[in-house]
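The chain contents come next:
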Amino acid sequence: MSAAVLRVDDVWKSFGDDVVLRGVDLDVSPGEVVALIGASGSGKSTLLRTINLLEPIDDGQIWLRDLDVSDPRVDADAVRARIGVVFQQYNLFPHLTARQNIALALRHVHGWPKARAGAEALSALARVGLEDKADEHPDRLSGGQQQRVALARAVVSAPELLLLDEITSALDPELVGEVLELVRALADDGATIVMATHEMAFARDVADRVVFLDGGRVVEEGPPARFFGRPREERTRAFLARFS
Ligand code: ADP
Ligand code: MG
């Protein structure tokens, strides 16, 4: 039996009086792809941000393999170096080229020497089909290309866990496919992924498990075929009805 990559155990989080996560549990196995779905405001981003230590939690525990990352004494930078993250937008530094964006992470987060970071950044861009854009700044790239660079940067150092927060939501529809294809390729390569998404067809196709969050609680979860084919909870059915 292989241990979980991620274990979220009864996590609670409030903003003022607003209780946003209400005892969330989530275990993710090596190589598993989990699609996190739910209405806007259900707590998806907050959950991802607590895992990446961008938000402190009020109660519960979060484990990255055998490290309790919710322990206040933990080295947050060391934890983040083990996790790749891509957000909805504004992922890249505008004043740096595609290659520099990736190299910067390798140098500063992972402490690689400049030459090695630059070379590795170039091969990371080649893997996402953007080698020819290495010296372009983000404003010269399409939104889809920018997200592909952001994905290349997120996975360049082979993180143990990849967190994707609605990474296609800000894209024009014709650019969504190229980004999702890249996520699919990463999943096929064995990446361990937790992705918040509104792309139900993609979740059904690529995820190993779908987790439905409503009001900061996991209301229902299951393998995509069962989850989408025979949702058990009324709230799940009401949510899914919006997409059909
Ligand atoms: P989702 O990603 O599912 O749309 P979020 O996690 O972004 O949901 O938000 C969940 C709830 O937490 C919302 O009510 C949102 O307004 C609130 N929230 C999120 N971040 C903050 C914050 N930094 N300060 C106050 N409230 C927040
Ligand atoms: Mg969100």
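Residues numbered from 1 in each chain as written. Chains lettered and ligands numbered in written order. Predicted model: local features only at pLDDT ≥ 70, side-chain atom pairs only at ≥ 80, totals over all residues.

Undergrad: Account for helix α4 (residues 114-127), naming residues and giving values.
TA: Residues separated by three or four positions in an α-helix point in the same direction, a consequence of the helix having 3.6 residues per turn. The end-to-end C-alpha distance of α4 is 20 Å, a good match for the 20 Å that 14 residues give at a rise of 1.5 Å each. G129, located one to two residues past α4, shows a positive phi value of around 75°. (Helix = DSSP H or I, 4+ residues; strand = E, 2+ residues; numbered from the N terminus. Expected span 1.5 Å × (residues − 1).)

Undergrad: Residue-level account of the nonpolar core, with values.
TA: Ranked by internal contacts, the top residues of the largest apolar core, which has 71 residues, are L36, I102 and I193. Apart from the residues lying within four places of it in its own chain, the contact partners of L36 are K44, L47, V194, M195, A196, V211 and L213. (Core = buried A, V, L, I, M, F, W, Y, C linked by C-beta atoms within 7 Å. Buried ≥ 20, exposed ≤ 12 C-beta atoms within 10 Å, placed from the backbone. Contact = placed C-beta atoms within 7 Å.)

Undergrad: Give me the site of ligand 1: which residues, what numbers.
TA: Around ligand 1, the surrounding shell consists of F15, D18, V20, G38, S40, G41, S42, G43, K44, S45 and T46. Of all elements in the fold, only β2 (18-28) and α1 (44-51) reach the threshold of two or more residues within the shell around ligand 1. Take the shell around ligand 1: its biggest share by element is three residues, from α1. Grouping the constituent residues of the shell around ligand 1 by class yields two nonpolar, seven polar and two charged. (Near = placed C-beta within 6 Å. Nonpolar A, V, L, I, M, F, W, Y, C, P; charged D, E, K, R; others polar.)

Undergrad: An account of the sheet that holds strand β4 (residues 59-64) is requested, with residue identities and associated values reported.
TA: Pairing is antiparallel in the open sheet, where four strands are placed in the order β2-β1-β4-β5. The open sheet terminates on both sides in strands that have one partner only, identified here as β2 and β5 (67-68). For strand β1 (residues 6-15) and β4, the ladder comprises five bridges, and the chain directions are antiparallel. Considered in β4, the bridge of L6 is made with L64. Against the sheet, α1 makes contact with β1, β2 and β4, and its axis sits at roughly 120° relative to β1, the strand it touches most. (Pairing = 2+ DSSP bridges. Axes fitted to C-alpha atoms, helices over the stretch in contact; angles between N-to-C directions.)

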